Amino acid sequence: MVIKKLTVLNFGSVEALTLSFSGGLHVVTERFADEVAFALLCICNSKAAPGGTYWIRGNSAFLAEVILAGKEYAVTARPTAARESFCLRARTRGGEERTEEYLYLTSHCEAQDKAEYFDGNDKNHAKRLLCCDPEQMLSAELCRATERLCRIKSFRSYLFSFIKNFAPERLREGKEYEIVLREDGEYAVQHPRLRAPLCLSESEQRLFRYLCFLRSAEFWHGFEELRNLHSVKKPLLVCHFLERLDESVDVAPLLARTKALSRQVILLSFSK
């Protein structure tokens, strides 16, 4: 799935904004980053619910050109009567109605949609993999978030293998802090020798959250490759990341790993 063009109308602080995107990694420096992120998630039919529904006006609209499963779609999103969400419609370039087809192709479970969206201000990325306590694997909440994938034996086997074989990695150069994955599926930062509580800078906290996001995205990518679960790979959306890092951080390796997931990556960097 590749988003080629997006127009945001009368939403939040935006009156009218049009952006064009390329495949691969595309960096957007835009002061309306939150509004653009919301619009992109909406066009992707994502269940990763962002904040900002209070931005919706009666004449708000998102218009997009999307390539999906080898076809080009013109996608529009307009508010519902209650202004609590948007309703998507999709047509082919020839004007044929294809909304049902588009919604089916872009339908992922909530847990996967959340793993494809990074918001550097969100402190919950450490818990974005899944609750992996064996006694909780069939809980109603997890069944809902994974749309019953957790009931599939191969999914549980892959998940537990991912946790068991998780290799700790250095948070950043110059420090021995490592990101690890606990048995319950929650990420953490620890020192390989010291057990005292760690004090992370704001930049290090942002790096930690991004690595949580990246490792979770790698988990879902690996499971899709294993099961051929879904032919559609939605764009990875990254917001509030670059502008919060100190200058000593080299993000090139992280972005290279993100690009290696073989999908469009849209990185929104807030600009005042």
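Reading the values: rules and limits
Residues numbered from 1 in each chain as written. Predicted model: local features only at pLDDT ≥ 70, side-chain atom pairs only at ≥ 80, totals over all residues. Heavy atoms only, no water. Pairing = 2+ DSSP bridges. Helix = DSSP H or I, 4+ residues; strand = E, 2+ residues; numbered from the N terminus. Axes fitted to C-alpha atoms, helices over the stretch in contact; angles between N-to-C directions. Contact = heavy atoms within 4.5 Å. Buried < 20%, exposed > 50% of the residue type's maximum accessible area, 1.4 Å probe, protein only. 1 Å grid on protein atoms, 1.4 Å probe; cavity = no way out; pocket = protein on both sides within 12 Å on 5 of 7 lines; lining within 4 Å. Points joined across faces, edges and corners; volume = space filled by probe spheres on them.

**Some remarks on the sheet that holds strand β4 (residues 56-68)**
Thinking step 1. Overall, antiparallel pairing links the five strands, which are arranged β2-β1-β4-β5-β6 in an open sheet. Two strands close off the open sheet at either side, each with one partner strand: β2 (14-20) and β6 (86-92). Each strand axis lies, on average, 15° off the axis of its neighbour in the sheet, ignoring direction.
Thinking step 2. Across the face of the sheet, helix α1 (residues 33-43) comes into contact with β1 (2-11), β2, β4, β5 (71-79) and β6 while running at roughly 120° to β1.

**Quick notes on unusual backbone geometry**
Thinking step 1. A positive phi is found at N10, a non-glycine position, where the angle reads about 50°.
Thinking step 2. Tracing the backbone through its elements, the reader meets N10 in strand β1.
Thinking step 3. Exposure remark for N10: the relative accessible area of 18% places this residue in the buried category.
Thinking step 4. For S262, which is not glycine, the phi torsion reads 60° and is therefore positive.
Thinking step 5. With respect to the helices and strands, the residue S262 is situated in the loop between α7 (252-259) and β12 (265-269).

**Quick word on the layout of surface pockets**
Thinking step 1. When its volume is computed, the second largest pocket comes out at roughly 290 Å³.
Thinking step 2. Lining the second largest pocket we find 13 residues, and of these R170, L171, R172, E173 and D250 sit closest to its centre.
Thinking step 3. If you list the elements that add at least two residues to the lining of the second largest pocket, you get β8 (169-170), α6 (202-227) and α7.
Thinking step 4. No other element matches the three residues that α7 contributes to the lining of the second largest pocket.

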